[in-house]
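Understanding the architecture of this molecule
Now for the letters of each chain:
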Amino acid sequence: MRILDYMKDHFLFLDGGMGTLLQAAGLQPGELPERWNVSHPEEIIKIQQSYFDAGSNLVLSNTFGANGLKFNDEELEAVIFAAVRNAREAASRSSGAQEKFVALDIGPLGKLLKPYGDYEFEDAVAMYSKSVRLGVQAGVDVIFIETMNDSYDTKAALLAAKENSDLPVFVSNAYGSDGKLMTGASPAAMVAMLEGMHADAIGANCSLGPDQLTGVMEEYLRYASVPVLLKPNAGLPRSENGKTVFDVTPSAFAESVGKLLEQGIRIAGGCCGTTPDYIRAVVEKACSIQPVPTEAKEISLVSSYTNAVQFGEEPILIGERINPTGKKRFQQALRENDIDYILNEALKQQDAGVHVLDVNVGLPEIDEPAFLLHAVREIQAVSDLPLQLDTTDPVAMEAGLRAYNGKAMVNSVNGKEEVMNAVFPLVKKYGGLVVALTLDEDGIPETADARVAIAEKIIRRAAEFGIEKKDLIFDPLAMTISADTGAAMATMESVRRIHNELGANTSLGVSNVSFGLPNRNIITSTFFALCLQEGLSAAIMNPYAQEMMNVYHAFRALHNMDENCMGYIEYAQNLPTPATPSTTAAAPTPVASTSEAGHAPASELQTAIVRGLKEKTGILTHAMLAEKKPLEIIQSEVIPALNIVGADFEKKKVYLPQLLMAAEAAKSAFEEVKLAMAASSDEETANTTRCAFVLATVHGDIHDIGKNIVKLILENYGFAVSDLGKDVPAQKIVEETIRLHAPIVGLSALMTTTVPAMEETIKLLREQAPWTKVCVGGAVLTQEYSDAIGADKYCKDAMETVRYAEEVDQLQNK
């Protein structure tokens, strides 16, 4: 029986933890678990058979870290083929009568992708593809992508699975205690992207216990139209007598998982700390629970790398200003590759209150595919708004969709067969909410009847490509009333009928209605209000037009979409004093958010750093050096800007991408400052570096994302970081600490199996470098775990590491 057929009427039970059981079987600190597929096959078979015997339907191959970064091609093939062979043998030996399947387990590469890291997206796709192809050749039933803590890395792995196999693909992400991925994505954002790319089951694993993941699961169930999976840890880890133990018992684990099965979870298992006893308890608990049918959710979503935007509940504003049509300055920016101008336009519209940014970079004389790709990457580096990719070039569209981190809007398709045949396959592959224009080979119909008929045709053709109505948003086309005074009536009727009769979303470029008329905003804003009343879902509009924003905020307040009218009150209080009649508001200067402590950027340079504008930061710093000393710029401009972002990061007002882009911008400032220092004889610049900080990912662990983030932030705060890299033996860390007489050492580990190596390193440091302080971090670490292995400080994120390093540095200087 095929696994997807089995899942229609049954719960699917997964296996549990592998790392802790391998440690119990003798896996040594720093030893790669995947090599045991070849060297200790009987141990692997024994563990996997015990899961099948406990009731698991799907056991994951022991290939979590089997990728080309760890193994050469020959060994990678041997490891994966042996892993699948072992799992098949375990299934055949098991006494369990249930249906049994084997999955290729794929874990993260341990690399942070550009623009936040240094690893190329396409390199990640290629690396995952190599493992997928081997797994398919070895004969697995399903691809299981798990423990992914970054949406872009998740997309790379899913794309690799889809491009290199026809097998079902399950995708599981690792969420923090704040309900977000490490790089900030919400469950709704992940649902939007993963369903758009046609993952067959989605959910969460690792990091937390089932109770702590309840909120994440509830959000998945609210939005997901595919089966939802859960593979939590056995609570939180701690160390007892050198062994890792967890705080949730099998019976308590099963009770918590059972409650989520009753709510609609269809796939359940365990991750770190769970054993066959945990799976057996879950299977027994599920015997009294009837599976909840997986139902299609008619929810239209787009997403960025952090958040989702839902269409159909409230009006959505799509900023129109990143478009060269009628904008000479923007056209100049495109010709001169002035990306900072485009980024500023994106940030100004975000500050003005739009929910989505339209991105159109089409000019005859530029390479549109290349520039759209560049624009998508750069805009997503500084803004967390979803994007609408606006192009008539299918090559440019695919380049943008492939690189896009999330689920984009696609502008556009229409009723022409040629256009639908070009665009719909791209949306089928990459996902997207498609703007569908109600025109066809005969042009734009004059009547609402004809426009609705085209909309119905597009719905039927989209379905043939596997694209649902919820992923279409219709633009019934606003035509200027200066040429046809009945044009607006036809558009409004089309909006109403598409909304009411077809149950579909609508969008309009509302400003077209007033073309050729004086004081256009009077007509445009009134038309906008009338269309909203007819059910308009979204508008492509100028957010700097005060009349348009007036209508938007008033409509929300009047339609009970604005609790206690708080959004309207905040908007109205910030309006300019009406001394003279206003036509179009001036575009605001982009500003950074003010932290809860009341701190906001005090200068244009600080604003540039906070917003992550690298080129602008370098230019402003260079100019400022003519008036200020290098050290003064660091102390009064760069560090305060970093503190603003750091404080907002700690308060969860911004997430890791914004922190990293601010750090990258700060590096631009530091580069200018270093050049000035090198040319200066000023003694004041001689000692600007803080204490030495030795940093490493411990022996056996090749995941260095967290370590690299910490390094970047520490260096921006002036610490002399000695980065020893990943998979670093304990003695090498000790030797470097002694060489530098470093007052602080930072150790990172992602995997449960490598925490003993961290404990060993701390013991050696205590013996040979007793003066140094040791801070630890990583997905498997907790405060209790940190205390048990003898660390001085548990740092949950990069900013906490900086704060602790500052304390140590101050003590050194007393």
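So, a few notes on the structure that sits alongside this text.

Basis of the calculations
Residues numbered from 1 in each chain as written. Predicted model: local features only at pLDDT ≥ 70, side-chain atom pairs only at ≥ 80, totals over all residues. Heavy atoms only, no water. Phe/Tyr/Trp six-rings, centres within 6.5 Å; stacked < 30°, edge-to-face > 60°. Buried < 20%, exposed > 50% of the residue type's maximum accessible area, 1.4 Å probe, protein only. Helix = DSSP H or I, 4+ residues; strand = E, 2+ residues; numbered from the N terminus. Lys NZ or Arg CZ within 6 Å of the ring centre and 35° of its normal. Salt bridge = Lys/Arg side-chain N within 4 Å of Asp/Glu carboxyl O. Polar contact = N/O pair within 3.5 Å; in protein donor to acceptor, adjacent residues only side chain to side chain. Contact = heavy atoms within 4.5 Å. Pairing = 2+ DSSP bridges. Axes fitted to C-alpha atoms, helices over the stretch in contact; angles between N-to-C directions. Parallel < 35°, antiparallel > 145°, perpendicular 65-115°, else oblique. Nonpolar A, V, L, I, M, F, W, Y, C, P; charged D, E, K, R; others polar. Core = buried A, V, L, I, M, F, W, Y, C linked by side-chain atoms within 4.5 Å.

Comments concerning the packing of aromatic side chains
- Scanning the model with the defined rule gives 9 aromatic pairs in all.
- Judged by centre distance (6.1 Å) and plane angle (50°), the ring pair of Phe11 and Phe13 falls under tilted.
- Here Phe11 falls in the buried class, since its relative accessible area comes to 6%.
- Judged by its relative accessible area of 10%, Phe13 falls in the buried class.
- With a centroid separation of 6.3 Å and an interplanar angle of 65°, the aromatic rings of Phe330 and Tyr341 are classed as edge-to-face. Here Phe330, found in helix H12 (residues 328–335), pairs with Tyr341, found in helix H13 (residues 339–352); they are 11 residues apart in sequence, far enough to count as distant.
- Phe330 sits in the buried class, given a relative accessible area of 1%.
- For Arg329, the ring lying beneath its charged end belongs to Tyr341, and the centroid distance is 4.2 Å.
- In this structure, Lys652 is placed above the aromatic ring of Phe649, and the distance from its NZ or CZ to the ring centre is 5.6 Å.

Some thoughts on the pattern of salt bridges
- Across all of its chains, the model carries 47 salt bridges by this definition.
- Among the salt bridges present, the one from Lys470 reaches Glu195, with a minimum N-O distance of 3.6 Å. Taken together, the residues span a long stretch of sequence, with Lys470 in the loop between helix H17 (448–464) and strand E18 (472–475) and Glu195 in helix H8 (residues 187–196) at a distance of 275 residues.
- Its relative accessible area of 8% is what places Lys470 among the buried residues.
- Connected via shared salt-bridge partners are Glu650, Arg690, Arg803, Glu806 and Asp809.

Overview of the side chain of Thr154
- Tracing the sequence through the fold places Thr154 in helix H7 (residues 151–164).
- By relative accessible area, Thr154 is classed as buried at 0%.
- At 3.0 Å, the side chain of Thr154 forms a polar contact with the side chain of Asn173.
- Apart from the residues within four sequence positions on either side, Thr154 is in contact with Met148, Val171, Asn173, Met190, Met193 and Leu194.

Considerations on the sheet that holds strand E19 (residues 505–509)
- Judged by pairing direction, the barrel is parallel, and its 8 strands sit side by side in the order E13-E14-E15-E16-E17-E18-E19-E20 before closing back on the first. Taking each pair of neighbouring strands and ignoring which way they run, the sheet shows an average axis angle of 30°.
- Two strands pair when backbone bridges link them, and E19 and strand E20 (residues 538–541) are joined in this way by 3 bridges, in the parallel orientation. Across the sheet, residue Gly509 finds its bridge partner in E20, namely Ile540.
- Sitting on the sheet, H13 touches strand E13 (316–322) and strand E14 (356–359), and the angle it makes with E13 is about 155°.

Side note on the environment of Asn505
- For Asn505, the position within the fold is in strand E19.
- Taking relative accessible area as the criterion, Asn505 reaches 10% and is therefore assigned buried.
- For the pair formed by Asn505 and Ala679, sequence separation is 174 residues and the distance between their alpha carbons is 61 Å.
- Sequence-distant contacts of Asn505, defined by excluding residues within four places in its chain, comprise Ser300, Phe311, Gly312, Leu472, Ile473, Phe474, Ile498 and Ser537.
- A polar contact of 2.9 Å, which involves the side chain of Asn505, links it to the side chain of Ser300.

Some thoughts on the packing of helix H24 (residues 630–650) against helix H25 (residues 656–678)
- Axis separation between H24 and H25 bottoms out at 10 Å; the angle between their running directions is 175°. Here H25 runs roughly antiparallel to H24, going by the angle between their axes. Between H24 and H25, the contacting residues are Pro630, Leu631, Ile633, Ile634, Val638, Leu642, Val645, Gly646 and Phe649 on the first element and Leu656, Gln658, Leu659, Ala662, Ala663, Ala666, Ala669, Phe670, Val673, Ala676 and Met677 on the second.
- Split into classes, the residues belonging to the contact of H24 with H25 amount to 18 nonpolar, 2 polar and no charged.

Here's the deal with the sheet that holds strand E1 (residues 12–13)
- Taken in spatial order, the 8 strands line up as E1-E10-E7-E6-E5-E4-E3-E2 in an open sheet, and their pairing is parallel. Either end of the sheet is taken by a strand with one partner, and the two such strands are E1 and strand E2 (58–60).
- Examined bridge by bridge, strand E4 (residues 142–148) and strand E5 (residues 169–173) share 4 bridges and lie parallel to one another. Within E5, the position partnered with Phe144 by the bridge is Phe170.
- Lying on the sheet, helix H6 (residues 121–138) is in contact with strand E3 (101–106) and E4; it crosses E3 at an angle near 165°.

Considering the nonpolar core
- By size, the foremost hydrophobic cluster in this structure holds 225 residues, and its most contacted members are Ile145, Ile379, Phe424, Phe528 and Ile713.
- No other element matches H25, which puts 11 residues into this core.
- For Ile379, the residues in contact, after removing those within four places along its chain, are Ile322, Ile342, Leu343, Ala346, Leu357, Val359 and Leu387.
- Listed in part, the 28 residues of the second largest apolar core include Val728, Val734, Met758 and Tyr785.

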